[in-house]
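Close look at the chain arrangement
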Amino acid sequence: FVLAALSTGGSHAYSPVQVQKLFFIIDSELSDELGKKYFDFKPYHYGPFDREVYSTLAQLAASGFVEVLGDSWTTKREYRLTPEGLERGKSEFARLPEKVREYISSVSDFIRTHSFSQLVSAVYKHYPEMAVNSVFKS
C-alpha cells in the first residue's frame, strides 16, 4: 500500500510532512474502500502524525524499496522510491480499484505541489480536530 501510494509521484522525493499528510488523507477518506486504516494518526505539532509511517518507510528502505535521503540528525530528510520500489509500487497501484487509484493520484499531486504551510493549513481546514495540539501558526 505504501509503495502503491508513493509510486504516483514517480521518482519524487517526499518530505516528512508530505508522507504524513498523504497517508493521513488516504486513511481518512479511503479506509472503507481499502478495507482498513493503515495508520493511527493523532493530532500533533503540525497536524496528524503517526510515527509508524516512518517505521514503515525504514522497513521498506531496509528491503531496498525506499531510499532515505538526508540523515537522522537533520530536518532535511526525504523519502524516495528506488527503481525496484517504483516498479513494485506501480504493480500494486494497478491492482487497486479505479476510484481509489484516481483519488490517491489526485491527493498525491496536491501533496507534491503545495508548500509545508499550505499542506498543514489545508489539513487543518478540512480536519480541524487535527489542529488541537498544533504549534503551527498560519
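What this report covers is the structure whose coordinates are included nearby.

Cut-offs applied
- Residues numbered from 1 in each chain as written.
- Predicted model: local features only at pLDDT ≥ 70, side-chain atom pairs only at ≥ 80, totals over all residues.
- Heavy atoms only, no water.
- Helix = DSSP H or I, 4+ residues; strand = E, 2+ residues; numbered from the N terminus.
- Expected span 1.5 Å × (residues − 1).
- Buried < 20%, exposed > 50% of the residue type's maximum accessible area, 1.4 Å probe, protein only.
- Arc of directions from axis to C-beta.
- Contact = heavy atoms within 4.5 Å.
- Core = buried A, V, L, I, M, F, W, Y, C linked by side-chain atoms within 4.5 Å.
- Axes fitted to C-alpha atoms, helices over the stretch in contact; angles between N-to-C directions.
- Parallel < 35°, antiparallel > 145°, perpendicular 65-115°, else oblique.
- Left-handed = near helix turned anticlockwise from the far one by under 90°.
- Pairing = 2+ DSSP bridges.

1. Looking at helix α4 (residues 83-94)
Between its terminal C-alpha atoms α4 stretches 17 Å, which fits the 16 Å expected from 12 residues at 1.5 Å a residue. Listing the buried residues of α4 in full gives G85, L86, G89 and F93. Taken end-on, α4 shows its buried residues confined to a sector of 95 degrees, consistent with a single buried face. Facing away from the buried side of α4 by more than 90 degrees, the exposed set consists of P83, E87 and A94. On its buried side, α4 packs onto α1 (2-7), β4 (78-81) and α5 (98-112).

2. A look at the side chain of Q20
One can find Q20 in helix α2 (residues 16-34). Look at Q20 and you get buried, because its relative accessible area is 2%. Other than its neighbours up to four places away in sequence, Q20 contacts F41, P48, F49, D50, V53 and Y54.

3. Focus: the nonpolar core
Ranked by size, the top nonpolar core spans 38 residues in total, and within it L6, V19, L22, F23, I26, L57 and I104 carry the most contacts. If you list the elements that add at least two residues to this core, you get α1, α2, α3 (51-62), β4, α4, α5 and α6 (116-126). Discounting chain neighbours no more than four positions away, the residues touching L57 are V2, L6, V19, V66 and Y79.

4. What to know about the packing of α2 against α6
Packing of α2 against α6 leaves a shortest axis separation of 10 Å and a crossing angle of 25 degrees. The angle between the axes of α2 and α6 places the two elements in the roughly parallel class. Helix-helix and strand crossings are classified by hand; for α2 and α6 the assignment is left-handed. Facing V17, Q18, K21, F24 and I25 of α2, the residues of α6 in contact are F116, L119, V120 and V123.

5. With respect to the pairing of β4
The alternating pattern of β4 places Y79 and L81 on a buried face, while none of E78 and R80, on the opposite face, is buried. Of the pairings in the sheet, the one linking strand β3 (residues 66-69) to β4 comprises four bridges and is antiparallel in character. Residue pairing across strands places V68 opposite Y79, the latter belonging to β4.

Structural measurements only, silent on function.
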